[in-house]
Amino acid sequence: MPPYWSLGFQLCRYGYQNTDDIKGAVDRTKGFGIPQDVQYADIDYMAERKDFSLDRENFGDLPDYFNKLRNEEGMKTIIMLDPAFIVNETGYYPFDEGKSRDVFINWPNRSLMPDEDFAWTNSTIMSGYVWPKGPVAFPDFFKTSTHKLWKELIFNQTQLPWDGLWIDMNEPANFGTNLEKPWNWPDSAKPYWSLKCPSNSTLDDPPYRTKAAYAHDSQDTKDPLTRISDKTICMIAKQGENDQYNHYDVHNLYGWSQTKPTLEAARHKTGKRSILISRSTYPSSGKYAGHWLGDNDSKWKDLRESIIGILEFNLFGIPYVGADICGFWGDSDAEMCKRWQQLGAFYTFSRNHNAKGTKHQDPGHFGRDVAVLARDALMIRYRFLPYLYTLFHHSHTKGNTVTRALFHEFPTDEMTWTIDKQFLWGSSFLVSPILFQNQTSLEFYLPHGRWYDYYTYKNSKSDTSRGTQHVMTVKPNTKIPIHIRGGYILPMQKPARNTEISRNNSFELLVAVDDKGLSSGDLYWDDGQSIDTYENREYYYAKFEFDGRILNTIVYHNNDKSSMNSLKMSDIIIMGLEMKPHQILFMQDGHPAILTDKQFEFDEMAKVLTITNLEAMMTKDFSLELITESPEEMDRIDCGPDVVNRTTCQLRGCLWNTSVVPGVPSCYLPSYEGYLMENETAPNSRKTTLSLKSKYKTKFFGENIPNIALDIEESSDDLLRLKIYDPNNSRYEVPVPLNIPNRPLTSKKYKVKYGNNPETKSFYIKVIRASTNTTIFNTDIGGLMFANQFLQLVTRLPSKNIYGFGENRHFGFRHNMAYKTWPMWSRDQAPGWGDYSNMYGVHPFYTCMENDGKMHGVFLFNSNAMEVKLQPSPALTYRTIGGVLDFYIFLGPEPESVVQQYTEVIGRPYMPPYWSLGFQLCRYGYNNLDNMKAAVKRTIDAKIPYDVQYGDIDHMDERKDFTYNNVTFAGLPEYVKQLKQLGMKWIFILDPALISNNTGYKPYETGVEKNVYVKWPSYYQVAKDDFYQNDTIMMGYVWPKGPVAFPDYLNNRTKGWWKSLIKDLHSDLGFDGLWIDMNEPANFGTNEERPFNWPEKDKPYWSLKCSHNKLDDPPYKPSSIYGARLSEKTLCLQGLQADGMFTHYNVHSLYGWSQSEPTLRAAQEATGRRSMVISRSTYPGSGKHSGHWLGDNDSKWSNLHDSIIGILEFNMFGIPYIGADICGYFGDTTAELCQRWMQLGSFYTFSRNHNGFGVKDQDPAVFGEAVAESSRHVLETRYTLLPYLYTLFHHAHIKGSTVIRPLLNEFAQDRKTWSIDRQFMWGNGLLISPVLDEDTTTVEAYFPNARWFDYYSGKEVRGRGSYVTLEAPLDHIPLHIKGGVIIPTQQPANNTHYSRMNSYGLIVAPDENETAIGDMFWDDGDSIDTTNQTMFSFSYNHTVLKVILTSSGYDMADKIIDTVRVFGVDQAVSNITLSGTLHTMFNYSLHSKELFIENLNQSMGQNFTIEIF
């Protein structure tokens, strides 16, 4: 990682005559305002070009001048060192000391040395000739003694003050090898001498010489052929501690071997990071040094070829690279130097350097024409140095290139494959230099996407879908073309004449939006010069994200030593913005502020927004929201998204005013419409009833209800109920039983205010948090409507931190409030079948994190088709098409409290059997028993822990419930028994649809007898040609080959019938749990010619067709609900259930819920055990009886992140037993994707690998040993932690807690956690930070302000309250334990039947006070509503660990705790006692600070204490 100052412009020449000459160049540069950071001293500063000397005649005052530059001007200095020490000068310490320490390269022996060579040193040191006036010796950097002396010489170098070093001639170069004399040996100094290599050596004259040697052979046949020792030393020379290397072998390593000790010496001398530039390099030289492209020529071709060189060296891992700007050899002219200064301003190593005997070429020397363009280019460089420095950080930590070819970013664009006259800094900064003499036009290529001209900020491309060639006119004063790529945010800083000044300036951002209006970027910062700041965590790192509306700056890490504490963000430029904002809201530290009109300006032509004088502190997160709506537009309530023009809008009685802001409705409700409160009554002290009268002048969707009532019911201190209904007519209400608390009111957490708005004369109600006066529910925005089939309520929200609603595929756990609409109506809809669509279940529950870290939740108890619209004001619109508006408001205020209060009402989650926490395997598409057996055998043979095998519908006879195919799955009952004998369990699938045209099919026929099916209404008449439909039973088509009927689980007769069928199934196949699918309910092809899976050859075609009526075609179908009609992919909504009590229109989304409870009860009765049910369709309260999986996902990387959002939401919804199909359902997975998904899925509470029909097998062992071993290890970790997970489920079952939870649930006051959804926790103790992206081996994990310990190593994490980059190789998922927690464990086994027999352990992670607590619940793991249960309490205080049985209903006497891991033990441990008895079996790691106690053999049936001394 180069120091920051080394990214500044640097000036050098070999040929300064004296100090005044250097001063002149520096003064010229400064005089033209050209920034300069570094001044060099080439070998001409030395006394006769000897290292570690000073020419005091010409450069005697150079030390003072360099000190002035460093101390007064803020500049840095670099001096040169060559690796050749003169040998024939008496008293030259570097050589004399080097000889005494044997640091030089030697001849193999005296006999091979020419006599005159021996005479130089009287030793076997190999001498050569370079720059000093005499023979020289070459240090051997393979020797430790050389390293030591070299470092001493550099440390004791006092001739010149310096900040960095430049090592030259280190190929190693030697002049005149094998010639009569070196080229620079004085002609008058006879006898001549040069290094001559033996002619009989196979090393110096190998049988084959590479091109590198013979390319320079003389054309004169009388001259000898060039030898490979040409311009270097003899190949027979010996190197290494014991002369173990021939120079022949290590010649190309000379420069590499010199870099490490040189950099170490420079750092020791300066105490800073320093910089090293080396001429000779080898792979890995980039770890220690940068490079310049050598002694180039002042020619236009060298200018062009330098781009190739810098691109290549970035490939070679040496990103700090440049060419000598304006050329080294020969005189540059003004035009060339001007263009080279422009190009060189974007070398990462930007140095102007030329040779002795040529003219000055510092840019100021050429006068104003060159100087101005050089200054302009360098000012751009300096402005973008924060971006460049960040690129170097990524190079240093990840190995990225800094300068890169276009094909690195656009590998599929063949046009980029040959481009070498343009280049990129990183991904987004494109440089297209002027490279030819007298050039009048420039052709450059812009790949697909948006590209913005840096100077005008305008988008340079009209067609962003493809790459395009561009031509521009070039004039003498044309600036270097720079383009910024859309989709990126580049950090900048106001430039100055050097980096010491510029680093103190305010930051800026250049935001370049892409075609979607999005962009992102980052910034790395430290003090710019300290050593290993990243490794020592003494740095600052932030990310920038712009979503088209909100620009977020998120500080991932900051340390007081980062030099960021006093710096601010001042200006922001956003390019490609379509609309001028009316307002800009600045938010930092929870404090909002509106920018003044003078602080931002919008260029309509260029589409550029400029924000100035922001003064945001860089050390804290902040955001800018661009509010493009006017205040009036912000509060608009959509008059119905089905309205498309002014006429229909006005006919509805609404206002029309076209808005150009995306999302803002052009048709909206008048603010004066609504209801008016007429009176109130108080039936009792906890309930108030308000009478409301409609003010609406239009029917809107018809059947408006003019008089409605609102009940305000104070259910408890934590719960307020608001119910809006028709007091005069009975309406449908959800038949799901709720448990409404009725506790005494002692300290209500809410206040309620209501009345008629004096401005709009409309009714409003507000719910206010009593402790803070925060209004959490507020209808004063208007929009309340109550009609027979259209109900609407709009509430303002206290913040934009909204979570929940479902089931949908959400793109973030925290909702995007930019006019997003989410439908809720249960549907057979896979996550990948359409964004923003309604999926399998319905959960009208959300939580809101208020800006002070307190949370509340709101539940709308309604099951009709509905949608919610989020708008950025912020506000929320509910629209539903039936029932009543029954709201339950939970006051929290902690996130966990909200969920606990919610599940108290809807029902606590069920307690899953212990075995169901094991790994599970399934696929639709085994197709026969042999294939299933093969997958099972692969898994068992790979020793992957594995508890449950599934049978999907392909095991059935023609996909009919309660059957199995006795041909393809012959022997299935016996195989089920075989696996169960191994301690495994079995789950079968059941779909609700039963075939009707299969004579003798008992399930259907008994269902007809019992009258259990969903019915047509009495007025329905079957069409004469509809020979599949039934007059009374509604028929559809799903998987069986014929019309199917749908059981009505809201009918009590159905429940008994269903139980009997399940008991019969258990008698036949002996399952342990059941999986209920397709229960939205799904029906294929509704209202279509034929279902997709109806055989094309089987005519006539048939499908369920729904007549047009107000239920199947209501006046308003929530437009966000997928499909043309509500009945799409399901039953007709006029269907009747519960003997006609309910229409399917009202209870459709309850179908899965209604099936879950009788299925679980049947499974329990059939098995006699606790059993389990997994249901695809869910509703609030489903968690009492079932778990859920996230449906038919895709084998895509994006689905990993999606699944975390889903499991977090379903824990909110009271369904903590939740997971996604590991490795994906649709499509073929890959080994890497499946390996990473197995890691993530091992921490789903429901952990099942499952995929679909027609795709490849994806059980983890099928991918080979690497994936199998990785899966085995991570599942062994899961099984180790199962006692902890089981205990979390106990708390969820008893208290309603979440099991999987977001970080915000534990750290609600930490605003950073509010948006984190790429990490999650098990309970309050285990943090999971998975890899979610392809080709990634690190994770940016956030660690809130607590102690955290690595699960595997026990080491404490450095970086509390910040993001930490964690190593995550392909076989590793990062796991961390929070300080203050004790986690129970158990030795894993091949399945839970055996693991439950193993010994237990504890992991103790102390907090800052050296304390920790935990607990463990235990029972037999499988009994129904078990009463024989044991509870343990664990506590740790400094050195004492106590284990207490708080209840002991389950006998634990024969259970053994064998190990205890104690993290964070700062001192070595001398003794340990177990309940007062000395215990000697322990190990303490000073490195990890972990104490590992083993062989305890302590019974879990009694209390015990461990004390540490």
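These remarks concern the structure in this document. (Residues numbered from 1 in each chain as written. Predicted model: local features only at pLDDT ≥ 70, side-chain atom pairs only at ≥ 80, totals over all residues. Heavy atoms only, no water.)

Here we look at the sheet that holds strand β7 (residues 164-167)
Sheet strands pair by backbone hydrogen bonding; their relative direction is either parallel or antiparallel. Rules: Strands qualify as paired when DSSP identifies two bridges or more between them. What counts as a helix is a DSSP run of H or I of at least four residues, what counts as a strand is a run of E of at least two, and both are numbered from the N terminus.
Taken in spatial order, the seven strands of this open sheet run β10-β7-β3-β2-β1-β14-β13, and their pairing is parallel. Only two strands of the sheet have a single neighbouring strand rather than two, namely β10 (276-278) and β13 (324-325). In this sheet, β7 lies alongside strand β3 (residues 76-81) in parallel orientation, the contact comprising four bridges. Opposite Met80, over in β7, you have Trp166 as the bridge partner.

Considerations on unusual backbone geometry
Note the cis peptide between Ser873 and Pro874, where omega equals -5°. One can find Pro874 in the loop between β49 (866-871) and β50 (875-880). Of note in the backbone geometry, Asn438 takes a positive phi value of approximately 55° without being a glycine. Following the sequence through the fold, Asn438 ends up in the loop between β17 (429-431) and β18 (441-446). Residues other than glycine seldom take positive phi values, yet Glu958 does so here, at roughly 50°. With respect to the element layout, Glu958 can be found in the loop between β53 (948-951) and α20 (972-981).

Comments concerning the environment of Pro1330
Stated precisely, the cut-off is as follows: Residues count as neighbours in contact if any of their non-hydrogen atoms are within 4.5 Å of one another.
Looking at where Pro1330 falls in the secondary structure, it is placed in the loop between β68 (1326-1328) and β69 (1338-1343). With 602 residues separating them along the chain, Pro1330 and Asn728 place their C-alpha atoms 56 Å apart. Sequence-distant contacts of Pro1330, defined by excluding residues within four places in its chain, comprise Ile1204, Leu1240, Arg1318, Val1339 and Ile1373.

Points about the pairing of strand β72 (residues 1375-1378)
The condition that has to hold: Any residue under 20% of the maximum accessible area for its type is buried, any over 50% is exposed, and the rest in between are partly exposed; the area is computed with a 1.4 Å probe on protein chains only.
Taking every second residue as pointing to the same face, both faces of β72 are buried, with Leu1375 and Ile1377 on one and His1376 and Lys1378 on the other. Two strands pair when backbone bridges link them, and strand β70 (residues 1348-1350) and β72 are joined in this way by three bridges, in the antiparallel orientation. By the bridge assignment for β72, Asp1350 is matched with His1376.

Quick notes on the pattern of salt bridges
Quick reminder of the rule: Take a side-chain nitrogen of Lys or Arg and a carboxyl oxygen of Asp or Glu: if they are within 4 Å of each other, that pair is a salt bridge.
With the rule as written, the count across this model stands at 86 salt bridges. The partner of Glu89 in a salt bridge is Lys50, and the shortest N-O contact between them spans 2.7 Å. Of this pair, Glu89 sits in the loop between β4 (85-86) and α4 (93-100) while Lys50 sits in the loop between β2 (38-41) and α2 (56-59), and the two are 39 residues apart along the sequence. In this structure, Arg1176 engages Glu1080 in a salt bridge whose closest nitrogen and oxygen atoms are separated by 2.8 Å. Here Arg1176 is found in the loop between β61 (1173-1175) and β62 (1187-1189), whereas its partner Glu1080 is found in the loop between β58 (1073-1076) and β59 (1136-1137), with 96 residues between them in sequence. One network of salt bridges, in which partners are shared, links Asp828, Asp1077, Glu1080, Lys1129, Arg1176 and Asp1192.

Thoughts on helix α26 (residues 1231-1241)
Because an α-helix completes one turn every 3.6 residues, residues spaced three or four positions apart along the sequence face the same direction. Most of α26 is tucked away, with 10 of its 11 residues classed as buried. Taken as a whole, α26 has its buried residues at Glu1232, Leu1233, Cys1234, Gln1235, Arg1236, Trp1237, Met1238, Gln1239, Leu1240 and Gly1241. On its buried face, α26 sits against α25 (1198-1212), β64 (1221-1222), β65 (1248-1251), α27 (1265-1280) and β67 (1320-1322).

Some remarks on α20
Test applied: The directions considered for the arc are those from the helix axis to the C-beta atoms.
Of all the positions in α20, only Leu972, Pro973, Tyr975, Val976 and Leu979 are classed as buried. Axial view of α20: buried residues confined to an arc of 165°, hence all on one face. Opposite the buried face of α20, by more than 90 degrees, sit the exposed residues Glu974, Lys977 and Gln981. Among the structural elements, α19 (929-941), β53, β54 (985-990) and α22 (1052-1069) are those in contact with the buried residues of α20.

Things to note about the pairing of strand β25 (residues 540-546)
The buried fraction of β25 is high, at five of seven residues. Two strands pair when backbone bridges link them, and strand β24 (residues 519-525) and β25 are joined in this way by seven bridges, in the antiparallel orientation. Counterpart to Trp525 in the pairing with β25 is Tyr540. As paired elements, β25 and strand β26 (residues 550-557) share six bridges and run antiparallel to each other. When the bridges of β26 are listed, Glu545 appears paired with Asn552. Hairpin connection, β25 to β26: the antiparallel pair is bridged by three residues, and Gly548 has positive phi, about 95°.

Describing the packing of helix α21 (residues 1002-1010) against α22
Axis angle and axis distance: for two packed helices, these are the angle between their axes and the distance between the axes, and together they describe the pair. What counts is decided by this rule: Comment: axis = line fitted to C-alpha atoms, over the contacting stretch for helices; angle = value between 0 and 180 degrees taken between N-to-C directions. Should an angle fall under 35 degrees it is taken as roughly parallel, and over 145 as roughly antiparallel, whereas 65 to 115 is taken as roughly perpendicular and any remaining angle as oblique. For any pair of crossing helices, the crossing counts as left-handed if the nearer helix is rotated counterclockwise from the farther one by less than a right angle, and right-handed if it is rotated clockwise. Charged residues are taken to be Asp, Glu, Lys and Arg, nonpolar residues to be Ala, Val, Leu, Ile, Met, Phe, Trp, Tyr, Cys and Pro, and polar residues to be all remaining types, Gly included.
The contact between α21 and α22 brings their axes to 10 Å, and the two run at 155°. Classed by the angle they form, the pair α21 and α22 counts as roughly antiparallel. Seen along the crossing, α21 lies across α22 with a hand that is right-handed. Contact residues: Lys1002, Pro1003, Thr1006, Gly1007 and Lys1010 in α21; Arg1053, Trp1057, Leu1061 and Asp1064 in α22. Its residues placed into classes, the contact of α21 with α22 shows three nonpolar, two polar and four charged.

What is shown is where atoms sit, not what they do.
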